[in-house]
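For reference, the chains in residue letters:
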Amino acid sequence: MPNASSPAPAARSPISKLVTLLRREGADAVCKGRSWGLPLEDRALLVTAYWRTNVTMRQIAPLSGISKSAAHRIIAHLGECQVLGSSSWGQT
């Protein structure tokens, strides 16, 4: 029985739900070639920020400390995964 003074478990943030969904869809699978420069959490946040704001890749790339080419690769790869997995996004 939980203690009355102990805090309730924190609700999962939307970004953590998105990262879990992306991992389940295989977005973080190990592939041939060079590994990603950013962890999956940061890549998901980059794609979400790009979609939610009206900025160019040239503007959003320095916010993550990456080149605009790397930002484009991340947005193209994860954006595809997020769109394909969006049908199960609202379900738990």
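Within each chain, residues carry numbers counting from 1 in the order of the written sequence. Note on the predicted model: pLDDT of at least 70 is required for a residue's local features to be given, and 80 or more for side-chain atom pairs to be given and counted; whole-chain, interface and lining totals, by contrast, use all residues. In computing side-chain properties, one takes all heavy atoms of the structure into account and sets aside hydrogens as well as water.

**A closer look at the overall build of the protein**
We apply this condition: Here a strand is any run of E in DSSP of at least two residues, a helix any run of H or I of at least four, and the numbering for each starts at the N terminus. To sort residues, take the accessible area from a 1.4 Å probe on protein chains only and compare it with the maximum for the residue type: under 20% means buried, over 50% means exposed, and anything in between is partly exposed. A contact between two residues is defined here by any heavy atoms of the two lying within 4.5 Å.
Each helix and strand counted, the protein has four helices and zero strands in total. The order of α-helices and β-strands along the protein, N terminus first, is α-α-α-α. Across the 92 residues that make up the protein, the buried fraction comes to 26%. Contacts in the protein between residues far apart in sequence, at least 24 positions, make up 62% of those at least 6 positions apart.

**What to know about the nonpolar core**
Test applied: Only buried residues count toward a nonpolar core. Its members are Ala, Val, Leu, Ile, Met, Phe, Trp, Tyr and Cys residues joined through side-chain atoms within 4.5 Å.
Ranked by internal contacts, the top residues of the largest apolar core, which has 18 residues, are Leu-22, Leu-46, Ile-66, Ile-74 and Leu-78. Of all the secondary structure elements, the ones that give two or more residues to this core are α1 (14-25), α2 (40-52), α3 (57-64) and α4 (68-84). Here the element with the most residues in this core is α4; it accounts for five residues. Residue contacts for Leu-78: discarding those within four places in its chain leaves Leu-22, Ala-27, Leu-40, Arg-43, Ala-44 and Val-47.

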